[in-house]
Every structure is written in C-alpha cells, then in structure tokens.
Amino acid sequence: MPDVAQTHRRIALLLALGVCSGLAACRDKSVTSYRIPKEPDSDQAPDAAQPGAPAIRWTVPADWRPQPASAMRQGSFLVAGAAGAAADVSVVSFPGTGGDDLANINRWREQLGLAPVSVADLSGQVQSLAASAGQFVFADLAGTVAEKGDVRILGAWLRQPDRVWFFKMMGPSELVEAQRGVFTAFLQSVRLADAAAGGPPIAKRAPAPSNTNDLPRGGPVAGVPLVPPAAGGAGMDSIPVQAEGGASLVWQAPVDWQNLPGNAMRKGSYALGGGAEVAITAFPGDVGGVLANVNRWRGQAGMAPVDEAGLGQATTGIDSNGLHFLVVDAEGGSTSVVAALLPWNGGTWFFKLTGPADAVARSKPAFLSFLRTVRAP
Amino acid sequence: MASPRPNPLALFTSLRLTVALLLLSIVLIFAATLDQVHLGVWGVQQKYFRSFFVFSQIPGTGFLFPVFPGGYLLGAVLIVNLVAAHFYRFRFSWRKSGIWLTHIGLILLLVGEGLSGILQQDHQMRIDVGQSRRYSESFRETELAVTETTHPGYDEVVAIPAALLTEGRSIQHPMLPFLVKPVAYYPNATLRMRSQTPGAPPGPATAGEGTDIVATPIPETTKPDESNWPTGYVELAGPEGPVGTFLVSTMMDQSEAFAYQGRTWRIALRAKRDYLPFSITLLKFTHDIYPGTDIPRDFASTIRLRSDDGRDDRQVRIFMNNPLRFGGRAFYQAGYANNDRTTVLQVVRNPSWRIPYVSCALIVLGLIVQFGIHLLAFFRRRLGAPAGVRAPAVGSGGSGPDLASCPPSP
C-alpha cells in the first residue's frame, strides 16, 4: 500500500508550486526608474554612431590614453598627470545647433561652480580658434568644485550645418593648464568629412504646414498626416505611392486639403472644401489616349466633345520637375473638371479636380500649384 | 444508504482524469485554432493557452464568465495528475530507475514549457549598420517614459507600464516632481493633423505637438501584418498646478519636451524597453540569396559586443540558428529591413531555457538506463542459461548433458 500521507504532501507541494507559478504569470505592472546614458534618439543625444553620420578623424597626442568610447562619446581619453592627477577628454556630437554659445558656457560654468554669465559678458568668455576643420569657439574656464579643488575646463565646439561637435578637457587646474597647447593642437588635427555626405539620420519632424506623401518608409513621422496600416481606408498620402511599374511619384498637397480615404484605384484623394475634390489615379498604358480622356472629362462637365483638331485649344501644358502635364480645363456647367494627364513610366497618371463650378474655380490656382510639386522620386 | 465519500487521492491518480484532460486539451486547441481568424496568434495564446480559464462575454453586457478551462489550468492539473499517479502506482526500485528518470524528464519538460510561457520575454533589437544599441524593445508591451534630461551626461527615466494608464489612476513616483494623471488611453488609434480635420472636437492636449493633432481611437487589429498604435493623453500636475496635458503615441517618432522647476523633461509612449548592461554595434550585415532567386540562403549580422564592465569586447557573428547567448538573453537573427542596412534581432530572455535540455538529457539517460538494465538482464540470462538449465536438470535428476563431463576446450 503506498504511503498515502507522503503522497498527499507531495501533491500539496506541487499545488503550491502551481499557485506560485500562477502568481508569477501576473505581468509586472510596477513603475520602474533607471539611469541611462543620453539616448541616441534624444534631441540632446549624439548620433555619430549611426549610419550616415559624418566621420571624424583626429590625431591623438602621445600622452593621452584612449578610453572606451560609449554611446555618448565619439572619443574619450585620459590624460595622466603627476601624483595621480588625471584629466578627462571627451568628444561628443549633437544633432542640431547644440544650444547657443551662452547656454554652452553657462553649462560648463555650472560644472565648475561658477555663476552664469549674461550675453553681455559672453564675449569675454570665449575665443575663436581657426582650424582646418572650421572655426572653433574656444573657452578656458577655471573654478572650484567641492572635493575636487581647483578644476579647469578647456572646451571648444565646432558647428556644422546640422550638428555641433564638443571637445572638452576637464581636470585639475595645473594639469589642464599644462595641456592647453596639446589640446589646441588636438583641435587643429580634427578632420571632418564633407557634411553633405553625412547628414544626420535622425528623423526630423516635418514642418507642420505640409501635407505630403513623400514620407520615409521607416515609419510614421510626427507632424504630418499619420495613418497606420490598421486604419481601414488609410490616407494614401502617408503611403509611398506605387505605380504599376513599382516606381512612385511624390507630391506636396496644400495644408488645407483634407486627406480622404484612398482605395485600390486612387493613389491620393483630398477634399478641398465646398464639395471640390482632388483624386489622383494611375493606370498602365495610355488609357485610351489623350482625346478620349479629354472628351470624357468635358462630358462630365457638360461640355461638347472636341476632335483632334480642337485638342490643342482644349488643353494646356505644364512642365515641372521634368514632367509634362497636359491640363484640361472643363468648366462648363454646374460641375467643373480641371484635370491633368501625365504619361510617366509606362503608365498614365491622372490628377483631377472636380466639384461645383464655384468651388473648383476657387481651388484651381492651388491645384495648378500643387501639380508643380509633383515629382519623380 | 449514504454514498461513499469521494476520495480526492483516487481522483488525482485516476487515469480517466488523464484521458479527460487530454480530450479537453484537444477541444481547447481546436477552438483556439478556429478563433485565430478573429484574434490572431498572440490573442489566441493569451485567451486560450496562457490563462486559467477561457472567458466569454454575456452578449449585451460587459460581464465575463468562464466557459472552459484554459491552458494553464489543464496543464497544471495534468502535471498533478501525472505526478500523483506516478507516485501512487509506481514503487521505486533500481530495476525501474530508468522509467523513473524518463518520467521525471517528461514532467520537467511540461514544467519547463509552463515556465517558459510564464517567464519568457520576447523582445527585438533593430540596429542599423554602424549603430549601437543597448536596449531591446517589446513586441507587444508599451510604456510611458518620463525622462529627465537635465544632466548632460545621462538621463533619468521613469517607465510606467501602459497597463497602469488603462486603470486611469494618478501615478506618483519619487523621481517625479509631478503627478502623472492618465486622461485617456486607446490601445489603437489614428493620428491626423488638426488642420486637416475640420470639425474635429477640441482634444484634451494643452501642450506639445498634441495640440495640433487629432487622435481617433479605432478597434485593435489582430492581423499579423498590421500594428496597433497605442495612444493616450496624459496630464502632468505639480504642486504649483498643471504642467500640461500631452498627447503621447507610439506613432510619434519623438518624445515631447518640456521644462518644469528648472529641469528639462521628455515624455513619450513607446515600446517597453529592456536596457542591457552591454551594447551591441552592428558592424556588417550580409544577406545571401540562392543564385537566380530571391530566396534567402543566409543572413547574418556581425556585431561588436561591449559589456559595461569591460570584460567583453569582441566580435560575434549571429546568423540563422546560431544565436548569441549573453547576459541571460539569446539574440537570434530574425530579419532585416531598410534595404539590408538594418538587422532585426529577436531577443529572448527565458530563465528556464535550460530546462528542456535537462529534460531531454534525463529522458535519454532514463531510456539508456532502462534498456541497459534489460540488456544486462538479457545477457545475464544468456550467459547463465546453461547453468540455469543444468541446475534444474541436476536438481530434478534429469538426464540432461552434464557440461562438467565435457572435455575441456583446448
């Protein structure tokens, strides 16, 4: 006969384990906090490690000991002095302007326990240092820090069109003072690649007053119309437009045009107010030819068809961005059509403004301007 | 006449219970497979398998009631049943030690699977060539990150799970000089510029980009090729009054910045992050295809692994079926993007990942031991067979050949 009591104990133990496991299944919903190096996607963070960031080169002075770089630092060195003294040298880069000169100086002054200076005093705090990489703003600041004594900062920053580089040596005053010549020689050795060759890859916020389909594939960008794939009938303006051949046209619609849900036929669709609407479609081939399309649109506007001879008078051409549009202005009855036909990449693209005559007449200038934003990728 | 009291031990050791549990498991799997069309793989796992009960809603009400045992319950009872039956029916003996080992291995396998379901975290890392990352991101979970960026060298992050935002209660954290009050939370939403949405009602946002954006909640999607975009409005209020109400959304690529009490902050809703004590830099990504086709033959990431403590700084090649195991996590080559300039690594953290290996080793060992015992017994019988045959023959006074009388072999 099995030892029933022992078996009971074992089952109880297993049940207890099961309960513990069940409790563990409850997902952790506690708030956590932690400290991290500056995030690469923060506006203040460097992103030189990212692809496309400008390459930087320098010549390291002989007595500087390289330290491991970090997510924060593109360069890091330790300068050893007498009696265990050591100064820290860092090279960091920030996208954007990196703050104005006054903010930079006052940030370093704060690190040295110094009171901030005003704009009026700024000129006495900084110097200009010409080097092959460009014009550095150079500062030499000294202060007293608790537990560290007299501390000095040799700092410089170099602005590029889209980023700023900071070079900084901080350490005991005597050591840093002695290294001043070495530090400036280090700045002279800095070489930057062509800025145009390496723009910062951080997604810029698109300016608010824009309405464009020219978005990166990588993901949504705040500040522009955002429609996720999950949204049924997503606005096509947020999706790169694919023509039959796989290539796409891009454009910028006026900000007051409201995106309408697209469909399989429409590459873009906008409501312009007053019942006017712009539809963008693309088809393979010539879709029946110019004459048939012109007469179709004229028919929609209640106008008589034209023949080949009258086609020249019924259409006008617009050349923009290397594209040639054939524009039909069918403003006859209560409904008007202003349409543009664009043969491109083996297919035909149609940009069509329709609606009540008065609304179309009001929107026509904006529509014609809009056509000039259309371009091939 | 009173009916006999049910014996719980008999119930748990019943093999009928085993059969019933297996049948219920089949029904559960079948129902989950049918429901996968509506819920997707993730939703089905959560509803049917990673739950103690499958709940259903009474039509017209918000009341949920259990309709079927879930995977956790069936699995737990099955383990209890197997263990109880084993201890009840089998007595330990060395002759059956192999069976014991095999059974322990099987039970461990079940337990390990359960623990994996509970403890495993699946994250991903997307790294561009040349870029370094020191955190992975959850596929599913979202968090509100309130980050103090005042210090030039580091950021202080307070991460609030999105699950807390859905509860709507104000959140106070010692690191934050203000209260975080969830105003609204949508598991999925669309964002549109307010200027392009005439007639849209004013939103709760009073600060940041959100004042120019209209957020519209939409149903959650379960389709594998679509994403949900969790979105919410969060009010920050300090002792001196409200700081502002911000629109936060995973769809917004940058966090909102603001200043409070002379310190600078950023707030964002983002995929839940798991910061690592090391960084991974993608040095090179290769994507080979079979000649003349688009079929991937191999894709591999050459990364540089640098630990914060300086002990590790090495290159590692991660490719299909050859993950990097480091820091309690496994990094699998999962995909690629951005014209082969971005690698996608799946980061799996599963403290119980060794259990299946131990289980299989136990099962194999058990089988070897059991078959070994049988084999030894077989050989012993064969070697001892003549003696065994002779003994009864002698004992019985039979006339069998007496090997002792045979001439010795040369």
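Numbering of residues starts from 1 in every chain and runs along the sequence as written. Numbering of ligands from 1 and lettering of chains from A proceed in the order in which they are written. Local features in this predicted model are restricted to residues whose pLDDT is 70 or higher, and side-chain atom pairs enter the listing and the counts only when it is 80 or higher, whereas totals over whole chains, interfaces and linings include all residues.

**Q** Just to check I follow, could you spell out the overall build of chain A for this structure?
**A** Going along the chain from the N terminus, every DSSP run of H or I of four or more residues is numbered as a helix, and every run of E of two or more is numbered as a strand. Along the backbone of chain A there are eight helices and 19 strands. For chain A, the residues scored as buried account for 32% of the 377 residues in total. Here the contacts in chain A between residues at least 6 apart in sequence split such that 54% fall between residues at least 24 apart. The burial criterion counts other C-beta atoms lying within 10 Å of a residue's C-beta, which is placed from the backbone; the residue is buried at 20 or more, exposed at 12 or fewer, and partly exposed between these limits. Contact criterion: two residues are in contact if their C-beta atoms, reconstructed from the backbone, are within 7 Å.

**Q** Just checking my understanding: could you explain the overall build of chain B for this structure?
**A** What chain B contains, in helices and strands, is six helices and 17 strands. Taking all 410 residues of chain B together, 29% fall into the buried category. Of the contacts formed within chain B by residues at least 6 apart in sequence, a portion of 54% connects residues at least 24 apart.

**Q** Help me out: how do you make sense of helix α3 (residues 71–89) of chain B in this one?
**A** Side chains three or four residues apart in an α-helix point the same way, a direct result of the helix having 3.6 residues per turn. Between its first and last C-alpha atoms α3(B) spans 26 Å; for 19 residues at 1.5 Å apiece the expected length is 27 Å, and the two agree. Taken as a whole, α3(B) has its buried residues at Gly71(B), Tyr72(B), Leu73(B), Leu74(B), Gly75(B), Ala76(B), Ile79(B), Val80(B), Asn81(B), Leu82(B), Val83(B) and Ala84(B). In this scheme, a helix's expected span is set at 1.5 Å multiplied by one less than its residue total.

**Q** Would you mind going over the packing of helix α2 (residues 15–49) of chain B against α3(B) with me for this structure?
**A** Residues and elements named next belong to chain B. For helices, the axis comes from a line fit to the C-alpha atoms of the stretch in contact; other axes are also lines fit to C-alpha atoms, and the angle between any two N-to-C directions lies between 0 and 180 degrees. Direction vectors running N to C along α2 and α3 enclose 155°, while the axes themselves pass 9 Å from each other. In terms of axis orientation, α2 runs roughly antiparallel to α3. Judged by the twist between their axes, the crossing of α2 over α3 is left-handed. Counted together, Leu15, Leu17, Thr18, Leu21, Leu24, Ser25, Leu28, Tyr48 and Phe49 of α2 and Gly71, Leu74, Val77, Leu78, Asn81 and Ala85 of α3 form the full contact between these two elements. For this scheme, ten residues count as nonpolar: Ala, Val, Leu, Ile, Met, Phe, Trp, Tyr, Cys and Pro. Four count as charged, namely Asp, Glu, Lys and Arg, and the remainder, Gly too, count as polar. Taken together, the residues that form the contact of α2 with α3 break down as eleven nonpolar, four polar and no charged. Working definition: roughly parallel below 35 degrees, roughly antiparallel above 145 degrees, roughly perpendicular at 65 to 115 degrees, and oblique for all remaining angles. Here is the rule for handedness: rotate from the far helix to the near one, and if that takes an anticlockwise turn smaller than a right angle the crossing is left-handed, while a clockwise turn gives right-handed.

**Q** Quick question: what am I supposed to make of unusual backbone geometry here?
**A** Across residues other than glycine, the phi torsion is negative in most instances, and most of the peptide bonds are trans. Unlike most non-glycine residues, Asn321(A) shows phi in positive territory, near 55°. Looking at the element boundaries, Asn321(A) is found in the loop between β16 (315–320) and β17 (323–331). The class for Asn321(A) is partly exposed, based on 13 C-beta atoms found within 10 Å. Although it is not a glycine, Gln261(B) adopts a positive phi angle of roughly 50°. Taking the C-beta count within 10 Å as the criterion, Gln261(B) has 12 such neighbours and is therefore assigned exposed.

**Q** Explanation requested: the sheet that holds strand β10 (residues 241–249) of chain B in the structure shown.
**A** Hydrogen bonds along the backbone pair up the strands of a sheet, which may run parallel or antiparallel. Residues and elements named next belong to chain B. Strand pairing requires that DSSP identify at least two bridges connecting the strands. Pairing in this open sheet of three strands is antiparallel, and the strands run β6-β9-β10 from one edge to the other. At either end of the open sheet lies a strand with only one pairing partner, and these are β6 (179–186) and β10. On average, each strand axis in the sheet is tilted by 15° relative to the strand beside it, whichever way the strands run. Summarising the sheet, strand β9 (residues 231–238) and β10 pair through eight bridges and their orientation is antiparallel. Bridging across to β10, Val234 finds its partner in Phe246.

**Q** What am I meant to see in the confidence of the model for chain A here?
**A** Residues and elements named next belong to chain A. Predicted confidence across chain A gives a mean pLDDT of 70, with 67% of residues reaching 70 or more. pLDDT is a residue-level measure of predictor confidence that goes from 0 to 100. By mean pLDDT, the top-scoring element of chain A is helix α4 (residues 173–178) (90), and the lowest-scoring one is strand β11 (residues 211–212) (36). Note that residues 1–5 has pLDDT below 50 and, in this model, three contacts with residues that lie over four places away or in other chains. Taken together, the stretch residues 40–54 has pLDDT below 50 and engages in 51 contacts with residues farther than four places along the chain or on a different chain.

**Q** How should I be thinking about the pairing of strand β8 (residues 149–159) of chain A in this particular structure?
**A** The side chains of a regular strand alternate between the sheet's two faces. All names here are of chain A. Relative to β8, strand β7 (residues 134–145) runs antiparallel, the two being bridged by ten bridges. Along β8, the bridge assignment pairs Leu141 with Ile153. Hairpin geometry of β7 and β8 is characterised by an intervening segment of three residues between the two adjacent antiparallel strands and by a positive phi of about 70° at Glu147. With nine bridges joining them, β8 and strand β9 (residues 163–172) adopt antiparallel strand pairing. Across the sheet, residue Ala156 finds its bridge partner in β9, namely Phe167.

**Q** I would appreciate a short explanation of helix α4 (residues 97–119) of chain B in the present structure.
**A** Spanning 23 residues, α4(B) covers 31 Å between terminal C-alpha atoms, matching the ideal 33 Å at 1.5 Å per step. Listing the buried residues of α4(B) in full gives Leu101(B), Thr102(B), Gly105(B), Val111(B) and Gly114(B).

**Q** It is not clear to me how the environment of Glu141(B) should be interpreted in this structure. Could you clarify?
**A** Residue and element names in this part refer to chain B. Assignment of secondary structure puts Glu141 in strand β4 (residues 132–148). Considered as a pair, Glu141 and Ala163 are 22 residues apart in the sequence and their alpha carbons are 8.7 Å apart. Setting aside anything within four residues of it in sequence, one finds Glu141 in contact with Pro161 and Lys272.

**Q** When you look at the pairing of strand β11 (residues 256–260) of chain B in this model, what are you seeing that I'm missing?
**A** Residues and elements named next belong to chain B. Across five bridges, β11 lies against strand β12 (residues 263–289) in antiparallel orientation. Directly across from Glu256, in β12, lies its bridge partner Ile267. Taking the residues between adjacent antiparallel strands as the criterion, β11 and β12 are bridged by two residues, where Gln261 takes a positive phi near 50°.

**Q** It is not clear to me how the packing of α3(B) against α4(B) should be interpreted in this structure. Could you clarify?
**A** When two helices pack together, their arrangement is given by the angle between their axes and by how far apart the axes lie. Residue and element names in this part refer to chain B. Contact geometry of α3 with α4 gives a least axis separation of 11 Å together with a crossing angle of 165°. The angle between the axes of α3 and α4 places the two elements in the roughly antiparallel class. Seen along the crossing, α3 lies across α4 with a hand that is left-handed. Mapping the contact onto sequence places Gly75, Ile79, Leu82, Val83 and His86 in α3 and His103, Ile107, Leu110, Val111 and Gly114 in α4. The residue inventory of the contact of α3 with α4, partitioned by class, reads six nonpolar, four polar and no charged.

**Q** Just checking my understanding: could you explain the confidence of the model for chain B for this structure?
**A** Detailed reading of predicted coordinates is not advised where the pLDDT is low. All names here are of chain B. Looking at chain B, the pLDDT average stands at 83 and 90% of residues meet or exceed 70. In this model residues 388–410 is a low-confidence stretch, pLDDT under 50, and it forms six contacts with partners more than four residues away in sequence or in other chains. Both confidence scores are given for the complex: pTM 0.48, ipTM 0.72.

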